[in-house]
Each structure stands twice: as C-alpha cells, then as structure tokens.
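Notes for the structure review
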Amino acid sequence: MEKIEKYNKKAADPKNKSKEIIQSLDIKEDMKILEIGFGGGYFAEKFSDIIGKNGIYYGIDTDIDCVKYLEKVNQQSLYKNMKCILSKPEEILNLDIEFDLIFSRNVYHHLSGRVKYFMDMAKYLKENGKLVIIDYDSSFSWHRIKFSSHYTKPKVIKKEMSEAGYSLVNSFNFLPIQSFLVFEKKKD
C-alpha cells in the first residue's frame with residue numbers, strides 16, 4: 001500500500017502537471033480508454049470520472065498489488081467502469097474491444113520488444129483513436145534520470161512507433177522532465 005500511495009502522491013504533485021496532461025487528452029464522456037501500466041491508479045480514477053457510466057476504462061499492470069488496489073477502488077467508485085488486467089511485461093492481450101485512447105505514462109522505458117508490442121496493440125485502437133506515450137527524457141537538464149536507464153529519448157520513441165505503424169500527430173512540451181507524444185495508426 002505504501003508504494004501505491006507514493007505513486008499517487010507523485011502523480012498528483014502539481015509539478016508533474018497531471019491536470020494539464022488530462023486536459024491535453026481531450027477525454028470525453030463515453031470514451032473507451034486503455035492504460036498501459038496504471039501503477040497506483042491516479043489517472044485511472046480521473047479517467048473513470050470523466051468517461052462516466054457508459055465509458056470503459058481498462059488498466060494493465062504487472063503488479064498484483066496495484067491490480068488488487070484498483071479493483072477495490074472500482075468497487076467503491078460511482079460508475080464501476082474500471083477493469084483491471086494483471087499482465088506479464090509485453091504480454092499480448094486478448095480483448096474484444098477497440099479504444100479511443102491508449103495511454104502510457106512512465107512505462108515505455110520498461111518495455112522490451114516495443115515495436116512488436118505496439119504493432120500488436122494497434123488492433124485495439126479505433127481508426128481515429130490516439131495512442132499517447134509520456135516517458136522520461138534524458139535530454140532535459142541535469143536530473144537523476146539522466147544517470148539511470150529510466151528514460152527513452154523522444155527520437156527513439158518516434159522511430160519505434162513509426163516502425164510499429166503509427167504517425168506522430170501531436171506533441172506537448174509543458175512537462176518538466178518528460179516527453180509527451182501523441183500517435184495515430186498510419187493511414188493507408
């Protein structure tokens with residue numbers, strides 16, 4: 001429980017600009033959202049409130065404690081529109097749904113085989129749906145992430161996502177130490 005509180009406290013910290021992230025996503029009522037690596041569930045709860053009773057939120061995580069926590073949160077929530085999936089890293093999902101938004105924050109650098117993983121994810125993204133990747137960026141000024149492997153340079157993300165069949169449609173630069181990239185499936 002301590003790590004979940006830590007995740008959520010960090011996400012809620014104003015310096016991490018979570019409100020601005022959510023506003024930039026332009027989420028609407030009734031949307032279907034998939035989050036890769038939901039951690040403590042901070043964004044899951046926010047998304048759930050916005051999409052309402054007819055929206056659907058799916059969250060994937062590799063940590064059983066996070067999954068159990070979000071399942072408990074869902075049972076206490078107003079809409080009960082959150083579904084949690086315990087997954088192994090890069091595990092291929094077997095869902096019968098297409099999403100308006102696939103969202104990943106601070107997870108991309110943890111994935112291996114990213115091109116194949118996101119090629120496989122394309123079947124879950126609606127034709128005009130958006131895939132958002134927010135990840136730490138080592139090109140920002142001195143920061144501890146620069147000396148760890150917990151980042152992915154935006155040019156690497158863009159290259160890999162292009163190889164996976166996506167086009168960059170937008171990017172935002174208001175995050176202090178992260179890139180914020182928005183993709184769509186490439187048009188034929």
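Here the structure is a predicted model, which is why all the values come from computation and not from measurement.

You can see Lys153 is positioned in the loop between β5 (125-136) and α6 (154-163). Its relative accessible area of 37% is what places Lys153 among the partly exposed residues. Distance from Lys153 to His109, taken between C-alpha atoms, is 9.3 Å for residues 44 residues apart in sequence.

So, on to the side chain of Ser48. Within the secondary structure layout, Ser48 lies in helix α3 (residues 42-51). Of the residues examined, Ser48 reaches a relative accessible area of 2% and is grouped as buried. When sequence neighbours within four positions are dropped, the list of residues in contact with Ser48 reads Tyr79, Asn81 and Met82.

So, about the pairing of strand β4 (residues 99-105). Counting buried positions along β4 yields 7 of 7 residues, so the element is predominantly enclosed. The pairing of strand β1 (residues 32-36) with β4 spans 4 bridges and is parallel. Each bridged residue has a counterpart across the sheet, and for Ile33 the counterpart in β4 is Leu101. Pairing analysis gives 6 bridges linking β4 to β5, with the strands arranged parallel. If you follow Leu101 over to β5, its bridge partner there is Lys130.

The N-to-C vectors of helix α1 (residues 2-12) and helix α4 (residues 64-76) enclose an angle of 75°; their axes lie 10 Å apart at closest approach. In terms of their interaxial angle, α1 and α4 are classed as roughly perpendicular. Facing α1, whose interface residues are Lys3, Ile4, Tyr7 and Asn8, α4 presents Asp65, Cys66 and Tyr69. For the contact of α1 with α4, a count of residues per class yields 4 nonpolar, 1 polar and 2 charged.

About the thresholds
- Residues numbered from 1 in each chain as written.
- Predicted model: local features only at pLDDT ≥ 70, side-chain atom pairs only at ≥ 80, totals over all residues.
- Heavy atoms only, no water.
- Helix = DSSP H or I, 4+ residues; strand = E, 2+ residues; numbered from the N terminus.
- Buried < 20%, exposed > 50% of the residue type's maximum accessible area, 1.4 Å probe, protein only.
- Contact = heavy atoms within 4.5 Å.
- Pairing = 2+ DSSP bridges.
- Axes fitted to C-alpha atoms, helices over the stretch in contact; angles between N-to-C directions.
- Parallel < 35°, antiparallel > 145°, perpendicular 65-115°, else oblique.
- Nonpolar A, V, L, I, M, F, W, Y, C, P; charged D, E, K, R; others polar.

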